[in-house]
Amino acid sequence: MGSGLLIGPEWGMKAAIYDGIFTPEKIEDLVPICSSGNCTFPPFESLAFCSKCLDVSQDVVINNPPAYPNDLTGQQQINYTVPGGGIVGFTALFEEGNLAKGPAFVSSSALPDDLPKRILDIQNPVLALAILQFPHVRPRIADGNYYSSLPIAHECALYFCINTYNVSVTNSKANTTILSSWTSDTGTPTVGAALTGMDGTPDAVLEPSDDYSTSNHTYQIPAGSLANLKAWLDVSMQGSMNTSFSTVDRTQWVNDDIQALNKTTDWSFLMNALATSMTAYIRNSGNPDAVTEVQGLAYQNETFVHVQWIWMALPGGLVAISTVFLCATMFRSERKRAMAWKSSSLALLFHGLEGVGGGAGEGVNRMRVVAKRTRVVLSRGEDGEWKLVNTG
């Protein structure tokens, strides 16, 4: 990439950064492609962004405090020293014992080069910030001012790292776990003139340390992309949110990023969301020369019938016993030469019918002939029982 004025990273990365700043609670990691809704992937490495934040409020020092802070008037230059030797300063306007204008939030990336390593143990991050917030400053100086109460202070870093991921998808819900993470001891330096050109800016090379000797991958980040991103982040994420207590001036801020950052209370959460959003973008950049696809296993539902044969014992036994009973009945009927009456009711009617003798015979045809010329009535006998009586 040649010299020239930088306009920041590409639009996709800008969108990822804005998502992390403005909607950190909605940031999700990259969702893998899994058409079946259930997939597993082998552990894999990927270039990523990581973040780290520390609350350093107890170690902030106010520089050159005035002897009579309640009597301040006019513009005053106020500055603090944060751990690692960084100086964060700003100007406040006081009028007749009151604060007319002063910041409620200040972030600065103008920090000593060795501060991230000394305080956060991060070598040459892409972004290092010192953040001061003043929730206890009041319009009336005597009620609370920049000298009587120290700010809430954080030091944060955003840096390139290599993460090892374990990804699975269950019922169309992705589960992503970071198994390990490392960054290079050399970090990602930007030596060249960040806003005027890339001359003198080396490519960043991330090599695994001895602690990660099992990894043999080396990751390289082009100097132009690196310095471009760093310069844009420095400009976008440092500034102040000036709260005005004057009836003339209004609340002022450098850009919309600062207005969103001013509302942040959990800086570890915000920086992690920013890192996750930026990581999801570079992992899904779609550049075939820079992205290696990880193939996984997809699972889908299939109908499975498991027969427990023990439950077939009862119906099977009943069928077997019924078959034996049927065969025994047939055998005994054959031996006794029993007639196969089936559904005819004539045998029942003729059995015990008064006035009908043996002339009815045993055959069905004979019984039908007799039945056609026989008339019977149902009457009560002397013993009170109902009987069928032949009337001729």
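Residues numbered from 1 in each chain as written. Predicted model: local features only at pLDDT ≥ 70, side-chain atom pairs only at ≥ 80, totals over all residues. Heavy atoms only, no water.

Novice: Sorry if this is basic, but what is going on with the overall build of the protein here?
Specialist: Within the protein, the regular secondary structure consists of 8 helices and 16 strands. Within the protein, the proportion of its 392 residues that are buried is 35%. For the protein, restricting intrachain contacts to residue pairs at least 6 apart in sequence, the fraction spanning at least 24 positions comes to 64%. Working note: accessible area of the protein is about 23,800 Å², and carbon and sulfur atoms make up 53% of it. (Helix = DSSP H or I, 4+ residues; strand = E, 2+ residues; numbered from the N terminus. Buried < 20%, exposed > 50% of the residue type's maximum accessible area, 1.4 Å probe, protein only. Contact = heavy atoms within 4.5 Å. Areas by Shrake-Rupley, 256 points an atom, 1.4 Å probe, with all protein chains shown as cover.)

Novice: Is there a simple way to explain the side chain of Gln-133 in this structure?
Specialist: Looking at the element boundaries, Gln-133 is found in strand 7 (residues 127-133). Polar contacts involving the side chain of Gln-133 include one to the main-chain carbonyl oxygen of Thr-264, which spans 2.8 Å. In contact with Gln-133, other than residues within four places in its own chain, are Ala-104, Phe-105, Pro-151, Ile-152, Leu-261, Asn-262, Thr-264 and Trp-267. (Polar contact = N/O pair within 3.5 Å; in protein donor to acceptor, adjacent residues only side chain to side chain.)

Novice: Looking at this structure, how should I read the packing of helix 1 (residues 11-22) against helix 5 (residues 267-283)?
Specialist: Two quantities define a packed helix pair, namely the angle between the helix axes and the distance between the axes. Running from amino to carboxyl end, helix 1 crosses helix 5 at an angle of 155°, the nearest separation of the two axes being 8 Å. What the angle tells us is that helix 1 and helix 5 run roughly antiparallel. Seen along the crossing, helix 1 lies across helix 5 with a hand that is right-handed. Contacts from Gly-12, Met-13, Ala-16, Ile-17, Asp-19, Gly-20 and Ile-21 of helix 1 reach helix 5 at Leu-270, Ala-273, Leu-274, Ser-277, Met-278, Tyr-281 and Ile-282. In terms of residue class, the contact of helix 1 with helix 5 is made up of 10 nonpolar, 3 polar and 1 charged. (Axes fitted to C-alpha atoms, helices over the stretch in contact; angles between N-to-C directions. Parallel < 35°, antiparallel > 145°, perpendicular 65-115°, else oblique. Left-handed = near helix turned anticlockwise from the far one by under 90°. Nonpolar A, V, L, I, M, F, W, Y, C, P; charged D, E, K, R; others polar.)

Novice: Where do I start with the confidence of the model for the protein in this structure?
Specialist: Low pLDDT marks regions whose predicted coordinates should not be analysed in detail. Mean pLDDT over the protein stands at 82; residues scoring 70 or higher make up 81%. Element-level mean pLDDT values for the protein span from 58 in strand 13 (residues 252-253) up to 94 in strand 7. Low pLDDT, under 50, characterises residues 1-6; the predicted model gives this stretch 18 contacts beyond four residues in sequence or across chains. (pLDDT = per-residue confidence, 0-100.)

Novice: When you look at a nonpolar patch on the surface in this model, what are you seeing that I'm missing?
Specialist: A grouping of Val-305, Val-307, Trp-309 and Met-312 is seen on the molecular surface, where their side chains present a nonpolar patch of about 460 Å² in accessible area. Along the polypeptide, Trp-309 turns up in the loop between strand 14 (297-299) and helix 6 (313-335). The exposed category is assigned to Trp-309, whose relative accessible area is 63%. (Patch = residues over 30% accessible without salt bridge, like charges linked within 9 Å, V, L, I, M, F, W, Y side chains within 5 Å. Salt bridge = Lys/Arg side-chain N within 4 Å of Asp/Glu carboxyl O.)

Novice: Looking at this structure, I do not really get unusual backbone geometry. What am I missing?
Specialist: Among all residues except glycine, the phi angle is most often negative; among peptide bonds, the trans geometry is most common. Even without being a glycine, Glu-96 presents a positive backbone phi close to 50°. On the secondary structure map, Glu-96 appears in the loop between strand 5 (86-95) and strand 6 (98-108). In this structure, Asn-171 takes a positive phi of about 50° despite not being glycine. In this structure, Asn-171 sits in the loop between strand 8 (152-170) and strand 9 (173-182). Take Asn-171: its relative accessible area is 64%, and that puts it in the exposed class.

Novice: For this particular structure, what's the right way to read the packing of aromatic side chains?
Specialist: Each aromatic ring pair is described using two quantities: the centre-to-centre distance and the angle formed by the ring planes. With the rule as written, the count across this model stands at 10 aromatic pairs. Between the aromatic rings of Tyr-80 and Phe-90, the centroid separation amounts to 6.2 Å while the plane-to-plane angle is 25°, which identifies the pairing as stacked. Placement of the pair is Tyr-80 in strand 4 (residues 74-82) and Phe-90 in strand 5, with a sequence separation of 10 residues. Above the plane of the ring of Trp-11 lies Lys-14, whose end atom (NZ or CZ) is 4.7 Å from the centre. Directly above the aromatic system of Tyr-165 lies the positively charged group of Arg-283, at a separation of 4.4 Å from the ring centroid. (Phe/Tyr/Trp six-rings, centres within 6.5 Å; stacked < 30°, edge-to-face > 60°. Lys NZ or Arg CZ within 6 Å of the ring centre and 35° of its normal.)

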